[in-house]
Amino acid sequence: MLVIKAMRQSSLLPHQGESPEPAINALIDEAAQSRGRSELCRAGPRLQRGEDTELGTMCCSLTRVLVLLLGALLWAPWRALHGAPLAELSGDQDFQLFLHKNLEFTRKIKGDVAALQRLVCDTFQLCKEEELLLVRQDLGIAQAPLEQCHSRTFQAEACFSQIRAGLRTYHGSLASVLELLPGHAGLVETLQLDAANLSSNIQQQMEDLGLATVTFPSEDRGPLPAFSSRFHHQVGGFFILANFQRFLETAYRALRHLARL
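A quick note: this is a predicted structure, and the numbers were derived from the prediction, not measured.

1. Concerning the packing of helix 6 (residues 93-124) against helix 10 (residues 230-259)
(1) Moving on: Relative to each other, helix 6 and helix 10 sit at 160°, their axes nearing to 9 Å. Classified by the interaxial angle, the pair formed by helix 6 and helix 10 is roughly antiparallel. As helix 6 runs across helix 10, the sense of the crossing is left-handed.
(2) Moving on: Of the residues contributing to the contact of helix 6 with helix 10, the split by class is 18 nonpolar, seven polar and five charged.

Structure below.
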């Protein structure tokens, strides 16, 4: 408990980009000096009298291992969140402006997708995803991947590249939604244009930062599925929009994560 208290109170916790071990060593010394090594490694009266030094050494070694483990547990999530290759640009004003502008842009696109989802619900009475899962299995509509944007595996170059690849996928897929909702062609076409512009914004920012473009397999960017019936087309449009909304939510969280570094 003394070690944990010292870790909570100390100002020696690792700063961004630093290894935790020097700070952990300092915490051990701080705790030992404040209460005495015999108290930190207390193992009974014999240790207090200086007897059985082998047992005392083992106790202190175990204490040190415990502190290292606690430090690793505290530091590992921090590293997962702050270990992205763009962390050093967190103070760059142009980069922050890019992030905040495109956070707003992504939010706007999410709102337009939600509006189209409501139209599909009102027009075709297709509103609940769980009621359509069996039909979905026959349609072959896949979710564009964004695993590179998840917090524990986050790498900025790969995440940005996956966002761009997914935006291209949904830009094409929205053609199926346009066929379903010809009376709302303006909204669908605006959504396609916004997806293309967001992809272009990210590409330009990657070039400005000198980031390498990561190319992912193009299997999800093939031809649109050939729907066997009007109903399958409607369900396909429903899942295209549902998948796009999930995709945008993950992309939004990734941009917000970078903005908070």
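Next, the rest of the story.
2. Some words on the packing of aromatic side chains
The relation between two aromatic rings is expressed through the spacing of the ring centres and the mutual angle of the planes.
(1) Moving on: Tallied over the entire structure, the rule returns six aromatic pairs.
(2) Moving on: Aromatic side chains Phe98 and Phe160 sit 6.2 Å apart centroid to centroid with 80° between the ring planes, which places their arrangement in the edge-to-face category. With Phe98 in helix 6 and Phe160 in helix 8 (residues 156-180), the pair connects residues that are 62 residues apart, well separated along the chain. Neither Phe98 nor Phe160 differs from the other in exposure class; each is buried.
(3) Moving on: Taken together, a centroid distance of 6.4 Å and an interplanar angle of 40° make the contact between Phe244 and Phe247 tilted. Of this pair, Phe244 and Phe247 are both found in helix 10, three residues apart, which corresponds to roughly one turn of the helix. When sorted by exposure, Phe244 lands in the same class as Phe247, which is buried.

3. Some thoughts on a negative patch on the surface
(1) Moving on: Negative charge collects at one region of the surface, where Asp92, Asp94, Glu207 and Asp208 lie side by side.
(2) Moving on: Inspection of the secondary structure puts Asp94 in helix 6.
(3) Moving on: Taking relative accessible area as the criterion, Asp94 reaches 59% and is therefore assigned exposed.

4. Focus on the pattern of salt bridges
(1) Moving on: Enumeration over the complete set of coordinates arrives at six salt bridges.
(2) Moving on: The salt bridge involving Glu249 is made with Lys110; its shortest N-O contact spans 4.0 Å. Of the two residues, Glu249 sits in helix 10 while Lys110 sits in helix 6, which places them 139 residues apart along the sequence.
(3) Moving on: Where Glu129 meets Arg246, a salt bridge forms, and the shortest distance between an N and an O atom there is 3.0 Å. Residue Glu129 is located in the loop between helix 6 and helix 7 (133-136), and its partner Arg246 is located in helix 10; the two are separated by 117 residues in the primary sequence.
(4) Moving on: We classify Arg246 as partly exposed; its relative accessible area is 31%.
(5) Moving on: The network of salt bridges with shared partners includes Lys108, Asp112 and Asp194.

Conventions used here
- Residues numbered from 1 in each chain as written.
- Predicted model: local features only at pLDDT ≥ 70, side-chain atom pairs only at ≥ 80, totals over all residues.
- Heavy atoms only, no water.
- Axes fitted to C-alpha atoms, helices over the stretch in contact; angles between N-to-C directions.
- Helix = DSSP H or I, 4+ residues; strand = E, 2+ residues; numbered from the N terminus.
- Parallel < 35°, antiparallel > 145°, perpendicular 65-115°, else oblique.
- Left-handed = near helix turned anticlockwise from the far one by under 90°.
- Nonpolar A, V, L, I, M, F, W, Y, C, P; charged D, E, K, R; others polar.
- Phe/Tyr/Trp six-rings, centres within 6.5 Å; stacked < 30°, edge-to-face > 60°.
- Buried < 20%, exposed > 50% of the residue type's maximum accessible area, 1.4 Å probe, protein only.
- Patch = residues over 30% accessible without salt bridge, like charges linked within 9 Å, V, L, I, M, F, W, Y side chains within 5 Å.
- Areas by Shrake-Rupley, 256 points an atom, 1.4 Å probe, with all protein chains shown as cover.
- Salt bridge = Lys/Arg side-chain N within 4 Å of Asp/Glu carboxyl O.
- Lys, Arg positive; Asp, Glu negative; His and termini not counted.
- Charge placed at Lys NZ, Arg CZ, Asp CG, Glu CD.

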